[in-house]
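# Observations on chain architecture
Each chain, written out:
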Amino acid sequence: MWLLLLIPACLAAVLSCLRLVRVAAAFAPFPHDAVARPEQLAGVGLYETAYLAGGPTRVVDLVLVLMAGRGRLHLAHTGWTTVVDPQGRSRLERALIGSVGREGQCRTARLRTDLAGHPTVREIGERLAAAGLATPEPVRANTTAALRHVRHAFLSGLLLLVATLLLGTPGAGDAGAALAWFSLPLILTGGTLLMARVDVRPYTRWAAPAGLEVLDAAALPRQYGGPVDDAERELLTAVAMAGPQAVPDARLRAALRH
């Protein structure tokens, strides 16, 4: 009986691990000791830093905080965003205003989703990937999905083993054989996950190793689309690096997380 449960466990383990190996082999590995060159840092501002730290959603959070702080946008803790000043000062601000719609008001959650997929935001990631600072989106998405399948295969193997021991009620000899055979897919998937933490982990981040070096150095030019004081610069930098949790205003923080 337990052989019927062992077969899907082995198939899931082998297929998921093969997929991860194929995904990792399809892309040239990022050098772990990469250092950002001066030409790579050209054009790296707050929005680019936000993308490297948290992807498209972090860029959206940053522009929301910037516009709300300058009174051009109202973010309600009830989950609504209202445009106060319809004149965008940058392409990203104009894209946000366009995503809100003609009524000048929309749900914040919908706005964050729509703007994260906007071509203006995608261009930031494409530009950073071309400069070697960000992980290309296909690489990150495919690797993340492949890792998720290996984790699911590992958990499925555990569940099938538990089901074998609980429902199959094998004898002592059968129980030992079941444990021995089920250990094969568990070792395969578990070992693959351990090796992936070193060999594949760079593929799952938004920032490539050179981009991580940029974040560590906090090499941020002071160009934010307008004059800013030190307090605003500090807030915007914190949001770019850490997200909404860096916002000190509890109501604004709740509006971003709604």
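Residues numbered from 1 in each chain as written. Predicted model: local features only at pLDDT ≥ 70, side-chain atom pairs only at ≥ 80, totals over all residues. Heavy atoms only, no water.

Of regular secondary structure, the protein chain possesses eleven helices and three strands. Relative to its full complement of 258 residues, the protein chain shows a buried share of 43%. Looking at the protein chain alone, contacts between residues at least 24 apart form 74% of all its contacts between residues at least 6 apart. Looking at the protein chain as shown, the accessible area adds up to about 13600 Å², and 61% of this sits on carbon and sulfur atoms. (Helix = DSSP H or I, 4+ residues; strand = E, 2+ residues; numbered from the N terminus. Buried < 20%, exposed > 50% of the residue type's maximum accessible area, 1.4 Å probe, protein only. Contact = heavy atoms within 4.5 Å. Areas by Shrake-Rupley, 256 points an atom, 1.4 Å probe, with all protein chains shown as cover.)

Within helix α4 (residues 108–116) the residues assigned to the buried category are Thr108, Leu111, Arg112, Leu115 and Ala116. Buried residues of α4, seen end-on, are gathered within an arc of 120° and therefore sit on one face of the element. (Arc of directions from axis to C-beta.)

What follows is about the pairing of strand β2 (residues 80–83). Of the two faces of β2, the one holding Thr81 and Val83 is buried and the one holding Trp80 and Thr82 is not buried anywhere. The pairing of β2 with strand β3 (residues 105–107) spans three bridges and is antiparallel. Residue pairing in the sheet places tryptophan 80 in a bridge with arginine 107 of β3. (Pairing = 2+ DSSP bridges.)

Mapped onto the fold, threonine 189 is located in helix α7 (residues 172–199). Taking the relative accessible area as the measure of exposure, threonine 189 reaches 1% and is therefore buried. Not counting residues within four places of it along the chain, the set of residues in contact with threonine 189 comprises Ala13, Ser16, Cys17, Val150, Ala153 and Phe154.

This next bit is on the packing of aromatic side chains. The relative placement of two aromatic rings is captured by the distance of their centres and the angle of their planes. Taken as a whole and assessed by the stated rule, the structure comprises one aromatic pair. Each ring, one from tyrosine 51 and one from tryptophan 206, has its centre 5.6 Å from the other, and the planes form 70°; the classification is edge-to-face. On the criterion of sequence distance, the pair formed by tyrosine 51 in helix α2 (residues 46–69) and tryptophan 206 in the loop between α8 (201–204) and α9 (209–217) is long-range, its members being 155 residues apart. Residue tyrosine 51 is classed as buried on the basis of its relative accessible area of 5%. (Phe/Tyr/Trp six-rings, centres within 6.5 Å; stacked < 30°, edge-to-face > 60°.)

For the rest of this paragraph, the subject is the sheet that holds β2. Pairing in this open sheet of three strands is antiparallel, and the strands run β1-β2-β3 from one edge to the other. Looking along the sheet, the strands with just one partner apiece sit at the ends: β1 (73–75) and β3. Taking each pair of neighbouring strands and ignoring which way they run, the sheet shows an average axis angle of 20°. Note: β1 against β2, three bridges, orientation antiparallel. Opposite histidine 74, over in β2, you have threonine 82 as the bridge partner. This element, α4, spans β1, β2 and β3 of the sheet and lies at about 90° to β3. (Axes fitted to C-alpha atoms, helices over the stretch in contact; angles between N-to-C directions.)

Another aspect to go through is the environment of leucine 18. For leucine 18, the location among the structural elements is in helix α1 (residues 2–26). Using a relative accessible area of 48% as the deciding quantity, one classes leucine 18 as partly exposed. Sequence-wise, leucine 18 and threonine 192 are 174 residues apart; in three dimensions their C-alpha atoms are separated by 10.0 Å.

In terms of nonpolar packing, the biggest core is built from 42 residues, with Tyr47, Leu52, Val59, Leu62, Leu64 and Leu96 touching the most fellow members. With 13 residues, the top contributor of residues to this core is α2. In terms of nonpolar packing, the next biggest core, distinct from the first, is built from eleven residues, Ala146, Val150, Leu193 and Val200 among them. (Core = buried A, V, L, I, M, F, W, Y, C linked by side-chain atoms within 4.5 Å.)

Once that is clear, we can look at the confidence of the model for the protein chain. A residue-level look at the protein chain finds 85% of positions with pLDDT of 70 or above and a mean pLDDT of 84. With pLDDT under 50 throughout, residues 219–227 is counted as low confidence; its partners more than four residues away or in other chains account for 18 contacts. (pLDDT = per-residue confidence, 0-100.)

Moving on: the environment of alanine 109. Turning to its location among the elements, alanine 109 is positioned in helix α4. Sequence spacing of alanine 109 and leucine 256 is 147 residues, and the spatial spacing of their C-alpha atoms is 8.4 Å.

Another point: the packing of α2 against helix α3 (residues 91–100). With their axes 10 Å apart at the nearest point, α2 and α3 run at an angle of 65° to one another. Our pair here, α2 against α3, has a crossing hand that is right-handed. Two secondary-structure elements touch here, α2 through Tyr47, Val59, Val63, Leu64, Leu66 and Met67 and α3 through Leu92, Glu93, Leu96 and Ile97. Each residue belonging to the contact of α2 with α3 can be placed in one class, and the counts come to nine nonpolar, no polar and one charged. (Left-handed = near helix turned anticlockwise from the far one by under 90°. Nonpolar A, V, L, I, M, F, W, Y, C, P; charged D, E, K, R; others polar.)

All chains considered together, the criterion is met by eight salt bridges. Across the pair glutamate 232 and arginine 70 runs a salt bridge whose closest N-O atoms are separated by 2.9 Å. In this pair, glutamate 232 is assigned in helix α10 (residues 230–242) and arginine 70 in the loop between α2 and β1, connecting sequence segments 162 residues apart. On the accessibility criterion, glutamate 232 (16% relative accessible area) is buried. For the salt bridge of arginine 91 with glutamate 123, the shortest nitrogen-to-oxygen distance reads 2.9 Å. In this pair, arginine 91 sits in helix α3 while glutamate 123 sits in helix α5 (residues 119–130), placing the two residues 32 residues apart along the sequence. A relative accessible area of 47% places arginine 91 in the partly exposed class. Here glutamate 123 falls in the partly exposed class, since its relative accessible area comes to 31%. (Salt bridge = Lys/Arg side-chain N within 4 Å of Asp/Glu carboxyl O.)

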